[in-house]
Amino acid sequence: MSGRLWLALLLAASLHVGQGQGSGRLAEVEVGFRGAPVADAWNPLRVTVRDVGSGRLTLVADQGNLRDGEIPWTMVVPVTGGAGVRVLEVDVFLPAWRSLVWSLEAGGSIVASGALPREAADRRRLDLVVSARPGAVAERLAGRVVDVPASLLPARAAAYDGIRSLWLDGSAGMPAPAAISAAAAAGAVVVLADDALRDPDVTELVGEGATWIPIAAGGWWVGAPPDGAQLEGARVDLGAYLAAFAAAGGVVAPRTVSVAAVMLTASAYVLLVLLAWRVGGAPGLLTWSVLLLGASLLAWGAPRPSSPTLIESRALHVGVGDLAWRTEVHDLLTLPAGEVAVARVARPATTTTGEQRLGSPPATTLTLPRWRGATLVESPRAAPALLALDADGLPVAVGNRVLRDVRVVGGPAWREVAPGRALEAPSDPTNLGGNAAAFEALLPPGSAWARDGDDWHVALAPGVRW
Amino acid sequence: MTVRLPRVVEGGLERLRAGDLPQFGLLLLALLVATLVVTWPARPGLPNESWYTVSQTRSVLIALLALGYGMGLPLATPRRAAGTALAVLLLALTTLPLELVAHAGSAPATPAWWAWLATPIATAGHLSLGALLGIVVRRLRLTALAPLLAPAVLVGAVAIDVRLGVTLLNPLTAALQIAPGHLAFHGAVALLGAAALAWVARRGGGEA
């Protein structure tokens, strides 16, 4: 056999091995529900490894364009492997990508890799269907309908960030109640039909009510199945709330020493140095040394900011009843150029180069130019609500915190609302102005919102939104 | 009680007390104060970019001063040459607080200690480079060109670094980033220049 033929055979064999690894013999990576990711949203990530040691999965989403070049967003997920089959489920933020590649590294070598095409970067939200007859829902909705088994639905609110609705009819089993609650908390409309309403867990969750029972940022739909327009109307635009909330904050650059102070001090230093030189000899040298040391200490101490990197964190709660959708926003400002890290799993509010590292400890790192600010948004999660509305539509503090600047949209305002204490007499709402007014303008009339330090709490009016 | 300083230190302080060096020193410090004030942000909240300008201005001005005075060292007596070199070194150190205030306000990624480390070594290197040039110019009887050589050498240093894509000779880039090569080069040149000056002194090249 000629050498060229041997070479061809070797090449064919190596290609075969590469494809085998890529197709998931050693590892399978599924981004999004049933491999349908939503761009610009948190997505569930499911990693299945077979007889592979511990390692790490790296996903790199390039958000760049022809003008700016590559803007990589890297996600690093530690994977615990071993003998047998191991499954890892986490949530990662996927920006709108130009290319998305992943590789699983274990034992110092790449054991699997793959890519998602650019066409898969779809921002449209998904309608998840758990049903033996998913086609009926697909016909009803002109959207991205994904048929999922009940067992695959996670109980993490972040996984439902890109979900518009979750349809359950009981014909293909029911997911865990925690998964249904997580979907509702994340803002999804949970449509319950037929046998689903006879499930005891669901009955306990939903209770008795009208067609639309809002809960947290989403709700239960128990009436005639909605169409696409009704689903859109029932949804809360959490993205708009979050954008307005993020815009209301931001770290202000540190106040620096005035020009006049700098000029006077520097001139005085120069003058004193010249005088010390005029003195000459040992006294002159000593005076010069003291001046040099003193001026250096003063120069280093006075205009220097407390920290080269300033980080402020705030949380936004949006809920109905005692459950809320919660996310935390971190405003960063770095004075020197370089990497700025926050010990949380978060996404940038704008397109930027960075790395999200899951595991323990988690970290999100952004590469920023000098004197540049950025905003990081944590993955959403379900949390107990601290502000609610009573039967009369008045605000109630349901947690253990005293809430201040409490306002009802289109109604009165209160200086503070304390838990377990009767409401004081309302006052006329003050003119908010700026970003706070823009935020309030987004809320449905009758909703209440309040502040707890830098955190904002919203209790949505439970009325029909469409 | 009168403290007697070493003769070299006395000579250096004497050079700073009278003659042309205090005038150049005043000019250098005044230029740096003006640069600092002009580049300092006028309003709170504006990015403070003053360090970039102050540090580069300082670096270039000291390099020019050291090269210029370095060229005169082979002509002076060893004691006067040592005094002049020390005076230039003290003058260079005197400018450090002005850079430090800009550094503290700008908060760049380059650490503040870099200027404290680089300034004495780079100044010694430029003094020695000037001295070597002075010896060559004197040998070639081209002393009329001496005033042009200091800026020409700096321009050449910048051009070489830009051409090679390194930070070895260029005081503009070396002021903004840690450059071990810059320190190594100037350290070596300083030693070479000192040896050359000693050789010139042994041959009786210095003038009274």
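Residues numbered from 1 in each chain as written. Chains lettered and ligands numbered in written order. Predicted model: local features only at pLDDT ≥ 70, side-chain atom pairs only at ≥ 80, totals over all residues. Heavy atoms only, no water.

### Side note on the overall build of chain A
Right, on to step 1. Regarding its fold elements, chain A presents nine helices and 27 strands.
Right, on to step 2. On the principal axes, the C-alpha backbone points of chain A span a range of 100 × 95 × 40 Å.
Right, on to step 3. Per-residue burial over chain A gives 48% buried out of 466 residues.
Right, on to step 4. Counting only contacts in chain A whose residues sit at least 6 apart along the sequence, the fraction spanning at least 24 positions is 63%.
Right, on to step 5. Accessible surface for chain A amounts to roughly 21200 Å². Of this, 56% is attributable to carbon and sulfur atoms.
Right, on to step 6. Of the charged side chains in chain A, 38 are positive and 43 negative; the average position of the first set lies 8 Å away from that of the second. (Helix = DSSP H or I, 4+ residues; strand = E, 2+ residues; numbered from the N terminus. Buried < 20%, exposed > 50% of the residue type's maximum accessible area, 1.4 Å probe, protein only. Contact = heavy atoms within 4.5 Å. Areas by Shrake-Rupley, 256 points an atom, 1.4 Å probe, with all protein chains shown as cover. Lys, Arg positive; Asp, Glu negative; His and termini not counted. Charge placed at Lys NZ, Arg CZ, Asp CG, Glu CD.)

### Describing the nonpolar core
Right, on to step 1. Ranked by size, the top nonpolar core spans 51 residues in total, and within it Tyr269(A), Trp277(A), Trp288(A), Leu21(B), Leu36(B) and Leu98(B) carry the most contacts.
Right, on to step 2. Listing elements by their share of this core, those giving two or more residues are helix 7 (259–279) and helix 8 (281–301) of chain A together with helix 1 (7–17), helix 2 (20–39), helix 3 (50–72), helix 4 (78–94), helix 5 (96–106) and helix 6 (113–139) of chain B.
Right, on to step 3. By residue number, the principal contributor to this core is helix 7 of chain A, which donates eight residues.
Right, on to step 4. Trp277(A) has contacts with Trp288(A), Leu16(B), Arg17(B), Leu29(B), Leu91(B) and Thr94(B), leaving out every residue within four places of it along the chain. (Core = buried A, V, L, I, M, F, W, Y, C linked by side-chain atoms within 4.5 Å.)

### Focus on the pairing of strand 27 (residues 455–459) of chain A
Two faces belong to every sheet, and in a regular strand the side chains alternate between them.
All names here are of chain A.
Right, on to step 1. Along strand 27, five of the five residues are buried, which leaves the element largely enclosed by surrounding structure.
Right, on to step 2. Alternating positions in strand 27 separate into two faces, Asp 455, His 457 and Ala 459 on one and Trp 456 and Val 458 on the other, with burial throughout.
Right, on to step 3. Across five bridges, strand 26 (residues 448–452) lies against strand 27 in antiparallel orientation. Each residue of the ladder has a partner; that of Trp 449, found in strand 27, is Val 458.
Right, on to step 4. Taken together, strand 26 and the strand that follows it, strand 27, pair antiparallel across an intervening segment of two residues, in which Gly 453 is found at a positive phi of about 65°. (Pairing = 2+ DSSP bridges.)

### A few points about the confidence of the model for chain B
Right, on to step 1. Model confidence for chain B is summarised by a mean pLDDT of 88, while 96% of its residues fall at 70 or above.
Right, on to step 2. Among the scores for the predicted complex, ipTM is 0.90 and pTM is 0.76. (pLDDT = per-residue confidence, 0-100.)

### What to know about the packing of aromatic side chains
Residues and elements named next belong to chain A.
Right, on to step 1. Using the criterion set out here, one finds 10 aromatic pairs over all chains in the structure.
Right, on to step 2. A ring pair is formed by Phe 33 and Tyr 160, whose centres lie 5.7 Å apart and whose planes are at 35°; its orientation type is tilted. Of this pair, Phe 33 sits in the loop between strand 1 (27–31) and strand 2 (41–52) while Tyr 160 is found in the loop between strand 9 (144–147) and strand 10 (163–168), placing the two residues 127 residues apart along the sequence. Both residues of the pair, Phe 33 and Tyr 160, belong to the buried class.
Right, on to step 3. Clustering of aromatic rings is evident, with ring pairs tying together Tyr 241, Phe 245, Phe 439, Trp 449 and Trp 456.
Right, on to step 4. Over the aromatic face of Phe 245 sits the side chain of Arg 314, whose NZ or CZ is 4.4 Å from the ring centroid. (Phe/Tyr/Trp six-rings, centres within 6.5 Å; stacked < 30°, edge-to-face > 60°. Lys NZ or Arg CZ within 6 Å of the ring centre and 35° of its normal.)

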